[in-house]
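What follows is each chain in one-letter form.
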Amino acid sequence: MELNSQIKAALADPEKKILLMTHIVLGYPSLAINRQVIEQMVSGGVDLIEMQIPFSEPMADGPVIVKANQDAIDNGVTVRQCLDFAKEISATYPIPFLFMTYYNILFKFGVEKFFQEAREIGIKGFIIPDLPPEEGEEFFALTRQYGIDPVMIFAPTSTPERMQELSRFGRGFIYCVARKGVTGKQTDFDEEFNSYMQRCRANTDLPLAVGFGISRKDDVDSLIGRADIAVIGTRTIKLVEEQGVDAVGPFIAGLR
Amino acid sequence: MNQTTKRGYYGEWGGAFIPEVLYETFRELNDAFAAAKADPAFWQEYVSLMGTYSCRPTPLTHAQNLSRHFGGGQIFIKREDLNHTGAHKANNVMGQGLLVKKMGKKRVIAETGAGQHGVATATMAAKFGFACTIYMGEEDVARQRPNVFWMEKLGATVVPVTSGSKTLKDAINEAFRDWVTRMDDTHYVMGTVCGPHPFPEMVAWFQSIIGKEARVQIIDQFGRLPSRVYACVGGGSNAMGVFQGFLDDAGVELIGVEAGGKGLDSGRHAARLAGRDASAGVAQGYKTMFLQNSDGQMTDTHSVAAGLDYVGVSPILTDLWQQGRVRFAAATDREVMAALDMTMKNEGIIPALESSHAFVQAFKEAGEMGSDEAIIINMSGRGDKDIFTIAHAFDDPSWKEFIRKKGKEYGA
Ligand SMILES: Cc1ncc(COP(=O)(O)O)c(C=O)c1O
């Protein structure tokens, strides 16, 4: 099933007022721990998971994810290992999995070859924060050919015209960056945020995910009605660092 | 320059791989730059600023003793060390400063490796009344301490960067992270001809002042064009600056000299185009030849010269290299010290460690040329900033004694 319809089907569940998507950095602290964290996340009720293939220059990420990327690479995790791990995981759980990474990882692997593998693995979408549509001719052609959805990013600085343009390239859902800056800092879900979300809604028909700075149930609650998917990134990385793997399941279950 | 149809590309290199949050910022910057480039009054204002605040035109010095020593081509040195703040970096920074004023922004940020670009940016910010933050890899903070001191005294905040390899590329990432947070009031003064479009084109434009002057000067002093022009290549801004004066002269050979570090076979160097370790990639907002592993992870680079210690290289130079218009060579740390020593003793001139790379290659080749031929070495900066590194490399006993005494004075 395509990502978009999978999301719509999940949203049709009256119990679920909003979907949850979590983020993990592959290889941090290790693939073995990733495996346990994902199990916890799925049992806690997560609807989608984005798996970040680490890159040495994660320009759009904040300190916690930067360090996770770097430690994963220092620990020796390879793109090959990430793909093999993703294959195992996506065969184990019924929820959709996406890859998040920077363009060089695809470029160096061979863009088409990467698409081929991702399709075999069953990956549903790609989030590539440093690939604007202007640079992605080959990439976007391949997303159609291989049936993998390119998730486009809206930012508070995006004009309505730009949102419409991005929306034409995007499929699956739109990732709305909640505020300026990088991942990991707290976001104020205030009036300004409200009008930003209205602008997002008005300029695309795709479901809206909101990420950056979501760390508690209150944050998730305040997104109900404004967004379709709440994205939890840095918070679970910190949770594993501070309280261990077993804290993840209850944390996720408590968000909704 | 071989600008192909796609905007911001040089052959297959360049582009603008930027996060969406900066899309509008880049649109504004492209507009402001296009307007400046199309306005002859802007260039005049720039030249007049550089003539009154810096030392432009910088001299072209005939190095007679070195020329005699090698017994070949006549060696001319383009003296970017005599710019205000001691390097070519001032050219780019003052130009971008004028652009920042036009855009109405109030804060500037920059990355720096050797610290020369940071000092130049802090100077420009002081003069124009901008707030200023400089990102600098922790390793570079340690090895270029005098420049850190001056940046702080000039009123800038210096942020040591502890991620990644703690050098120039990491400082660039950190500057981008600042920019995506505060793009409304902040301009990122990129220090070299790298990064997303329009930076390569913009920085090359401001630095072209070097080549424009050098071309007039060599014809004036020597009567004709040089046979070869040498420049060191970190990101490539001083090289692009001087090369642009001669790009259309097919008879002038252009040579870029990269950091050979401990040697091209050692794995500890920063030679992207002269070595065999680099491959095509996309990082830091642009496509070029990067020193990276087979997964696309950037590798650690090494050079005695902080300003050349970088994984990528200008997309414009990569294109010129691919076309065969610019030849690339590398100089090792050891060769650099020898060339530096020789230049000081013979000419009374102290090149920066970065610039000394260009001297190495010129010295290797000068002897094989006729005495009726001229070469130009672009001396991108002066060596004062490198006093600790150079003294250490020379293992200078009286300097060590001085440091010991100072240490005692501070209770170390
Ligand atoms: C004196 C000097 N020369 C050269 C460079 C290398 O930069 P580029 O290749 O952009 O000229 C630097 C950079 O910090 C520098 O300070």
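Residues numbered from 1 in each chain as written. Chains lettered and ligands numbered in written order. Predicted model: local features only at pLDDT ≥ 70, side-chain atom pairs only at ≥ 80, totals over all residues. Heavy atoms only, no water.

A.B. asks: Account for the pairing of strand β3 (residues 97–100) of chain A, with residues named and values stated.
C.D. replies: Residues in a regular strand point their side chains to alternate faces of the sheet. All names here are of chain A. Residues F97 and F99 of β3 are buried on one face, and the alternating residues L98 and M100, pointing to the opposite face, are buried as well. Where strand β2 (residues 48–52) and β3 come together, four bridges link them in parallel fashion. Residue pairing in the sheet places E50 in a bridge with L98 of β3. (Buried < 20%, exposed > 50% of the residue type's maximum accessible area, 1.4 Å probe, protein only. Helix = DSSP H or I, 4+ residues; strand = E, 2+ residues; numbered from the N terminus. Pairing = 2+ DSSP bridges.)

A.B. asks: Could you give an account of the interface of chain A and chain B, naming the residues involved and the relevant values?
C.D. replies: Note: interface size is frequently given as the accessible area lost on complex formation between the parts. At the junction of the two partners, chain A supplies 34 residues and chain B supplies 37 residues. Both faces considered, chain A and chain B share a buried interface measuring about 3,000 Å² in area, 54% of it formed by carbon and sulfur atoms. Here chain A is connected to chain B by four salt bridges. Where E20(B) meets R162(A), a salt bridge forms, and the shortest distance between an N and an O atom there is 2.7 Å. Elements supplying a minimum of two residues to the side of chain A that touches chain B: α3 (63–74), α5 (103–109) and α8 (160–169) of chain A. For the side of chain A that touches chain B, the element with the highest residue contribution is α5(A), accounting for five residues. (Contact = heavy atoms within 4.5 Å. Buried area = accessible area lost by both parts, 1.4 Å probe. Salt bridge = Lys/Arg side-chain N within 4 Å of Asp/Glu carboxyl O.)

A.B. asks: I'd like to hear about the sheet that holds strand β7 (residues 157–161) of chain B, residue by residue, with values.
C.D. replies: Residue and element names in this part refer to chain B. Read from one edge to the other, the open sheet built from four strands follows the order β7-β6-β5-β8, with strand pairing classed as parallel. If you trace the sheet from one side to the other, it starts and ends with β7 and β8 (186–188), each paired once. When strand polarity is set aside, the average angle formed by the axes of neighbouring strands in this sheet is 20°. Sheet topology places strand β5 (residues 107–112) next to strand β6 (residues 131–137); six bridges connect them, and they run parallel. Bridge pairing links V108 to C132 in β6. (Axes fitted to C-alpha atoms, helices over the stretch in contact; angles between N-to-C directions.)

A.B. asks: Describe unusual backbone geometry, naming the residues involved and giving the relevant values.
C.D. replies: A cis amide bond, omega -5°, links R56(B) with the succeeding residue P57(B). The residue after H197(B), namely P198(B), is reached through a cis peptide bond having omega 15°. Take P198(B): it is sitting in the loop between β8 and α9 (199–222). Its identity is not glycine, yet F212(A) carries a phi of approximately 90°, on the positive side. Residue placement: F212(A) occurs in the loop between β8 (208–211) and α10 (217–223). Residue D395(B) is not a glycine yet carries a positive backbone phi of 50°.

A.B. asks: Describe helix α7 (residues 145–153) of chain B, and please don't skip the residues or the numbers.
C.D. replies: Residue and element names in this part refer to chain B. Among the residues of α7, those classed as buried are P146, N147, V148 and M151. Against the buried residues of α7 lie β5, α5 (116–128), β6, α6 (138–143), β7 and α14 (387–393). Within two residues after α7, G155 carries a phi angle of roughly 105°, on the positive side.

A.B. asks: Residues and numbers for the confidence of the model for chain B, please.
C.D. replies: Mean pLDDT over chain B works out to 96, with 99% of the residues at or above the 70 mark. For this predicted complex, the interface confidence reaches an ipTM of 0.96, while the overall pTM sits at 0.96. (pLDDT = per-residue confidence, 0-100.)

A.B. asks: Residue-level account of the pairing of strand β14 (residues 374–379) of chain B, with values.
C.D. replies: Residues and elements named next belong to chain B. Of all six residues in β14, six are buried; the element is thus mostly enclosed. With burial as the criterion, each face of β14 is covered, one bearing A374, I376 and N378 and the other bearing I375, I377 and M379. Pairing of strand β4 (residues 74–79) with β14 involves six bridges; the strand directions are parallel. Paired with Q74 across the strands is A374, a residue of β14. As defined by bridge partners, strand β9 (residues 228–232) adjoins β14 across three bridges and the pair is classed as parallel.

A.B. asks: Outline the environment of V119(B), listing residues and values.
C.D. replies: Residues and elements named next belong to chain B. Structurally, V119 can be placed in helix α5. Along the primary structure V119 and H197 are separated by 78 residues, whereas in three dimensions their C-alpha atoms are 24 Å apart. Leave out the neighbours within four places in its chain, and V119 touches T85, N147, W150, M151 and L154.

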